[in-house]
Amino acid sequence: MTLVELLAGLLVASLVASAVTVSLSIDRHAHVRYMHGRRADDAAWLILAAVANDPVEANWPVAGHTLRHGKSRQPFADGVRSLRFLPEEGGLVELRLTLADGRTFSRVARMP
């Protein structure tokens, strides 16, 4: 093999390595975004489960994208735009949670 052939092979190998590195980087960023979305979804369902155990609107104020709980108004969850209590028939209430990014989750609970 000549020096020119070796350099050409090295050039091709480095181009392939660069393409693979970029592809893996893009895949990693997509995966991180996907997992962040899944964690936010899980957090929303956990918030709704906690509120369903105590479905009294006065106990769950939202102030500045922070959901607070109880008389002490301790912070319970961040990233919450609103939590609405929509009464339904039969002593039920629909809990509608809207996150700061605009996604909405809802659950029906029985009023105490």
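One can find the structure itself at the top, above this paragraph.
Calculation notes
Residues numbered from 1 in each chain as written. Predicted model: local features only at pLDDT ≥ 70, side-chain atom pairs only at ≥ 80, totals over all residues. Heavy atoms only, no water. Helix = DSSP H or I, 4+ residues; strand = E, 2+ residues; numbered from the N terminus. Polar contact = N/O pair within 3.5 Å; in protein donor to acceptor, adjacent residues only side chain to side chain. Contact = heavy atoms within 4.5 Å. Pairing = 2+ DSSP bridges. Salt bridge = Lys/Arg side-chain N within 4 Å of Asp/Glu carboxyl O. Buried < 20%, exposed > 50% of the residue type's maximum accessible area, 1.4 Å probe, protein only. Axes fitted to C-alpha atoms, helices over the stretch in contact; angles between N-to-C directions.

## Description of the side chain of Glu 94
Among the secondary structure elements, Glu 94 is positioned in strand S5 (residues 92-99). Reaching out from Glu 94, the side chain makes a polar contact with the side chain of Arg 96 at a distance of 3.0 Å. In this structure, Glu 94 is in contact with Arg 84, Phe 85, Leu 86, Glu 88, Ser 106, Arg 107 and Val 108, ignoring residues within four places of it in sequence.

## Remarks on the sheet that holds strand S2 (residues 66-69)
The three strands are arranged S1-S2-S3 in an open sheet whose pairing can be described as antiparallel. Among the strands making up the open sheet, the edge pair consists of strand S1 (62-63) and strand S3 (74-78). Sheet analysis places S1 next to S2, joined by two bridges and oriented antiparallel. Its bridge partner being in S2, Val 62 is matched across the sheet by Leu 67.

## Description of the pattern of salt bridges
Evaluation of the coordinates by the stated rule reveals three salt bridges. With a closest N to O distance of 2.3 Å, Arg 103 and Asp 41 form a salt bridge. You can see Arg 103 sitting in the loop between S5 and strand S6 (104-110) and its partner Asp 41 sitting in helix H1 (residues 3-53), a full 62 residues away along the chain. Classification of Asp 41 as partly exposed rests on a relative accessible area of 23%. Among the ionic pairs, Glu 94 bridges to Arg 96, the shortest N-O distance being 3.0 Å. Residue classification places Glu 94 among the buried positions, given a relative accessible area of 13%. Members of the salt-bridge network, linked through shared partners, are Asp 41, Asp 101 and Arg 103.

## Points about the sheet that holds strand S4 (residues 80-88)
Strands sit in the order S4-S5-S6 across an open sheet of three strands; the sheet is antiparallel. Every other strand in the sheet has two partners, leaving S4 and S6 as the edge strands with one partner each. Sheet twist, expressed as the average angle between the axes of neighbouring strands with direction ignored, equals 20°. Relative to S6, S5 runs antiparallel, the two sharing seven bridges. Counterpart to Leu 97 in the pairing with S6 is Phe 105. Strands in contact with H1 are S4, S5 and S6; relative to S6, the strand with the most contacts, it is inclined by about 25°.

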